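Chain and residue survey
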Amino acid sequence: MTTTIKINERELVLDILLLVTRDGIHSHLAINQVLEKHQYLEKNRRSFISRLVHGTLERMIELDYILNRYSNTPVNKMKPVIRNILRSGVYQLLYMDSVPASAACNEAVRLAERKGFRALKGFVNGVLRSIARDVEAGKLAYPDESDEKLSLSVKSSVPLWLIEHWENSYGMDQTRKICEAFLIEAPTSIRVNTEKISVEELADKLEKTGVTVVRNPEVKQALFISGYDYLGGMESFLNGEFYVQDVSSMQAVLTADVQKDWNVIDVCAAPGGKSIHVAQLLEGSGHVLSRDLTEYKVDLIWDNIERNCVKNMEAQVWDATQLDESRIETADLVIADLPCSGLGVLRAKPDIKYNMKPDQMMELAMLQRKILSVVWQYVKPGGKLLFSTCTINRDENENNTEWFLKEYRQFERVYERQLFPNEYQDGFYIALLKRK
């Protein structure tokens, strides 16, 4: 006899939210961890779970602001289960038109009871019903527009300290654009493995399976895709015909102007996207050595090497802060895509903005200096050092480049750019430095 287990989507959403907000698991890992166990669910059910989790995390400051106006118990004093049931309930009321208000409220109440909080059913119901009435009537109150920074913080769910930090560096107009860009749903950016298939052939192949494909106007080997079911279930992905990579990351590699027969060292490479891109640009010539700190990260690189059938590349465990004397002045290109605060990828990893603190950012900036002070020695005279991060923070980016050029005068700046997020790309920093 077959037993059918009834899966409640909102209960899975709550499980993921607790993994992230209570247990400190990164959001993208928590979502993958739970959804991989439930790949048998229909596409629309998995999509509902992903949308509700990601949206709740993305809008958490706004959701908490609203809840604090309707609840006598402040959000930070609530039980984690109740707090996250209410957050996801408010997100459904505000942003999921396909969910009736009654369903959002009723399911939240049932979930609270199933999780052992029967005594709080009335509280959950009362708070959500009150919010639902005011949403319907268009009466939800937000901070006064006269307080520009607070208003932007609540409406974009970016911490106030971070808005002030960006304002000091880039001005308020650019800060607003950054915050708004992270709320735009972006297509998946992929780089075609042209050693296996042409861009046109892959685009045609994907479109025939119902995937929406848009050409990338800036990088000819890249496409934007959307409307697919599950990335890990796509034949083209499993066959290594494309690699998921943000266009800003691709631009960093293209900036280096890779030449055949180069010897390349990528010092913080996992999961290996830039290394594989370089290896493919080498067209089978030269050699790429990809390193990272742990066996787990290096295994990720090897998985991608094998899936993409890259022959001129290897992966190795190595601490980038430690000098490898055997590699001194051997590299035509050193890629230093260094650990950073990740403020450029908040669209994909919204939990970063709630967990990152200014002192952590300074610690990361110092770690970058420690690594740069070692890895420059691998660059041949006349070779290049590509320093990049996926963040938007002068201390980790421009200021570290300036520091490096003052400390190591044998290098000169060839190219430098801070990329800001938009509807197609993440925030990213690129500095190409050449050894004289």
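As a reminder, the structure under discussion sits directly above these lines.
Residues numbered from 1 in each chain as written. Predicted model: local features only at pLDDT ≥ 70, side-chain atom pairs only at ≥ 80, totals over all residues. Heavy atoms only, no water.

A word on the overall build of the protein chain
Heads up, the condition is: What counts as a helix is a DSSP run of H or I of at least four residues, what counts as a strand is a run of E of at least two, and both are numbered from the N terminus. Throughout, the radius of gyration refers to the C-alpha atoms, and the reference size of a globule is 2.2 Å times the residue count to the power 0.38. To sort residues, take the accessible area from a 1.4 Å probe on protein chains only and compare it with the maximum for the residue type: under 20% means buried, over 50% means exposed, and anything in between is partly exposed. Whether two residues are in contact is decided by their heavy atoms, any of which lying within 4.5 Å being enough. Every accessible area reported is derived by Shrake-Rupley at a probe size of 1.4 Å, with residue values counting cover from the shown protein chains alone.
Within the protein chain one finds 18 helices and 11 strands. Computed over its C-alpha atoms, the radius of gyration of the protein chain comes to 24 Å, within 12% of the 22 Å expected for a compact globule of 436 residues. Its C-alpha atoms give the protein chain principal-axis dimensions of about 70 × 60 × 35 Å. Looking at the protein chain as a whole, 52% of its 436 residues qualify as buried. Restricting to contacts in the protein chain with at least 6 residues of sequence separation, those with at least 24 account for 71%. Put simply, the protein chain shows about 19900 Å² of open surface, and 48% of that area lies on carbon and sulfur atoms.

Observations regarding the sheet that holds strand E2 (residues 212-215)
Stated precisely, the cut-off is as follows: Think of it this way: DSSP has to see at least two bridges between two strands before they count as a pair. Axis lines are fitted to C-alpha atoms, over the contacting stretch for helices. Their N-to-C directions set the angle, which ranges from 0 to 180 degrees.
Pairing in this open sheet of 4 strands is antiparallel, and the strands run E2-E3-E1-E4 from one edge to the other. Because the sheet does not close on itself, it has two edges, and the strands there are E2 and strand E4 (242-244). In this sheet, adjacent strand axes meet at a mean angle of 35° when their direction is disregarded. Note that E2 and strand E3 (residues 222-226) share 4 bridges and pair antiparallel. Paired with Val213 across the two strands is Ile225, which belongs to E3.

What about the environment of Thr175?
Turning to its location among the elements, Thr175 is positioned in helix H10 (residues 172-181). Considered as a pair, Thr175 and Val298 are 123 residues apart in the sequence and their alpha carbons are 36 Å apart.

Some remarks on the sheet that holds strand E11 (residues 428-435)
The sheet built from 7 strands is open, its strands ordered E7-E6-E5-E8-E9-E11-E10 with mixed pairing. Looking along the sheet, the strands with just one partner apiece sit at the ends: strand E7 (313-317) and strand E10 (411-419). When strand polarity is set aside, the average angle formed by the axes of neighbouring strands in this sheet is 15°. As judged from the 4 bridges shared by strand E5 (residues 263-266) and strand E6 (residues 287-292), these two strands associate in the parallel manner. Its bridge partner lying in E6, Asp266 is registered against Ser290.

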